[in-house]
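Residue strings, one per chain:
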Amino acid sequence: MLLRHAIGSVLRRIRTERGTTLRELSEESRVSVPYLSEIERGRKEASSEILAALCRVLDVTEGELLTSVAAEFAEAQVLTLVPERDAIAAPPELHPAPLEAGIVALAA
(Lines give C-alpha, C1' and ligand atoms only; values in the text may rest on other atoms or scores of the structure.)
Protein backbone atom coordinates (compact mmCIF):
# COMPACT_ATOMS: atom_id res chain seq x y z
CA MET A 1 0.00 0.00 0.00
CA LEU A 2 1.29 3.45 -0.87
CA LEU A 3 1.00 6.36 1.54
CA ARG A 4 -1.32 8.27 -0.79
CA HIS A 5 -3.69 5.27 -0.88
CA ALA A 6 -3.87 5.12 2.91
CA ILE A 7 -4.41 8.88 3.20
CA GLY A 8 -7.15 8.81 0.58
CA SER A 9 -8.89 5.86 2.19
CA VAL A 10 -8.85 7.49 5.62
CA LEU A 11 -10.05 10.85 4.28
CA ARG A 12 -12.94 9.18 2.44
CA ARG A 13 -13.91 7.20 5.53
CA ILE A 14 -13.87 10.31 7.74
CA ARG A 15 -15.82 12.34 5.17
CA THR A 16 -18.53 9.69 4.77
CA GLU A 17 -18.75 9.14 8.55
CA ARG A 18 -19.41 12.88 8.89
CA GLY A 19 -22.08 12.72 6.18
CA THR A 20 -20.20 15.26 4.06
CA THR A 21 -20.31 15.12 0.26
CA LEU A 22 -17.32 15.77 -1.96
CA ARG A 23 -19.00 18.95 -3.15
CA GLU A 24 -19.51 20.23 0.42
CA LEU A 25 -15.92 19.41 1.33
CA SER A 26 -14.76 21.10 -1.85
CA GLU A 27 -16.65 24.31 -1.16
CA GLU A 28 -15.53 24.59 2.46
CA SER A 29 -11.89 23.63 1.86
CA ARG A 30 -11.58 25.46 -1.48
CA VAL A 31 -10.15 22.34 -3.15
CA SER A 32 -11.76 21.25 -6.42
CA VAL A 33 -14.07 18.21 -6.49
CA PRO A 34 -11.97 16.42 -9.15
CA TYR A 35 -8.79 16.92 -7.12
CA LEU A 36 -10.48 15.72 -3.91
CA SER A 37 -11.72 12.66 -5.75
CA GLU A 38 -8.21 11.92 -7.01
CA ILE A 39 -6.83 12.28 -3.46
CA GLU A 40 -9.46 9.93 -2.03
CA ARG A 41 -8.73 7.34 -4.72
CA GLY A 42 -5.02 7.54 -3.98
CA ARG A 43 -4.15 8.89 -7.40
CA LYS A 44 -2.82 12.27 -6.21
CA GLU A 45 -0.53 13.25 -3.36
CA ALA A 46 -2.04 15.94 -1.16
CA SER A 47 0.23 18.71 0.12
CA SER A 48 0.40 19.40 3.84
CA GLU A 49 -1.55 22.62 3.24
CA ILE A 50 -4.40 20.76 1.53
CA LEU A 51 -4.42 18.09 4.23
CA ALA A 52 -4.60 20.82 6.89
CA ALA A 53 -7.57 22.45 5.11
CA LEU A 54 -9.36 19.11 4.79
CA CYS A 55 -8.72 18.28 8.44
CA ARG A 56 -10.08 21.68 9.49
CA VAL A 57 -13.31 21.17 7.52
CA LEU A 58 -13.69 17.56 8.68
CA ASP A 59 -13.05 18.61 12.30
CA VAL A 60 -10.13 16.24 12.80
CA THR A 61 -6.57 17.13 13.79
CA GLU A 62 -3.66 16.35 11.54
CA GLY A 63 -2.37 14.05 14.28
CA GLU A 64 -5.65 12.11 14.32
CA LEU A 65 -5.52 11.80 10.54
CA LEU A 66 -1.94 10.50 10.62
CA THR A 67 -2.75 8.08 13.44
CA SER A 68 -5.58 6.66 11.34
CA VAL A 69 -3.27 6.45 8.33
CA ALA A 70 -0.72 4.54 10.44
CA ALA A 71 -3.46 2.12 11.52
CA GLU A 72 -4.43 1.66 7.86
CA PHE A 73 -0.81 0.74 7.10
CA ALA A 74 -0.72 -1.71 10.01
CA GLU A 75 -3.67 -3.60 8.51
CA ALA A 76 -2.30 -3.53 4.97
CA GLN A 77 -0.66 -6.35 3.10
CA VAL A 78 3.11 -6.17 2.75
CA LEU A 79 4.19 -4.20 -0.32
CA THR A 80 7.60 -4.92 -1.67
CA LEU A 81 9.25 -3.13 -4.53
CA VAL A 82 12.00 -5.71 -4.91
CA PRO A 83 11.78 -8.97 -6.88
CA GLU A 84 10.68 -12.17 -5.18
CA ARG A 85 13.45 -13.79 -3.16
CA ASP A 86 13.50 -16.86 -5.41
CA ALA A 87 14.29 -14.64 -8.39
CA ILE A 88 17.25 -12.97 -6.70
CA ALA A 89 20.60 -14.63 -7.44
CA ALA A 90 22.22 -13.57 -4.17
CA PRO A 91 23.37 -15.88 -1.38
CA PRO A 92 20.78 -16.54 1.38
CA GLU A 93 22.76 -14.55 3.96
CA LEU A 94 22.21 -11.39 1.87
CA HIS A 95 18.42 -11.74 1.89
CA PRO A 96 16.59 -9.63 4.46
CA ALA A 97 14.85 -11.33 7.36
CA PRO A 98 11.25 -12.41 6.67
CA LEU A 99 8.59 -9.86 7.56
CA GLU A 100 5.55 -10.55 9.67
CA ALA A 101 2.07 -9.97 8.22
CA GLY A 102 0.92 -6.37 8.56
CA ILE A 103 4.39 -4.84 8.28
CA VAL A 104 4.96 -2.63 5.27
CA ALA A 105 8.35 -2.86 3.60
CA LEU A 106 9.59 -0.45 0.98
CA ALA A 107 12.88 -0.82 -0.81
CA ALA A 108 14.52 1.41 -3.36
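Residues numbered from 1 in each chain as written. Predicted model: local features only at pLDDT ≥ 70, side-chain atom pairs only at ≥ 80, totals over all residues. Heavy atoms only, no water.

A look at the packing of helix α2 (residues 22-29) against helix α4 (residues 48-58)
Point 1. One way to put it is that α2 packs onto α4 with a least axis distance of 9 Å and a crossing angle of 115 degrees. In terms of axis orientation, α2 runs roughly perpendicular to α4. Of the two elements, α2 crosses α4, and the hand of that crossing is right-handed. Residues Leu25, Glu28 and Ser29 of α2 form the contact with α4, whose own contacting residues are Ala53, Leu54, Arg56, Val57 and Leu58.
Point 2. In terms of residue class, the contact of α2 with α4 is built from five nonpolar, one polar and two charged. (Axes fitted to C-alpha atoms, helices over the stretch in contact; angles between N-to-C directions. Helix = DSSP H or I, 4+ residues; strand = E, 2+ residues; numbered from the N terminus. Parallel < 35°, antiparallel > 145°, perpendicular 65-115°, else oblique. Left-handed = near helix turned anticlockwise from the far one by under 90°. Contact = heavy atoms within 4.5 Å. Nonpolar A, V, L, I, M, F, W, Y, C, P; charged D, E, K, R; others polar.)

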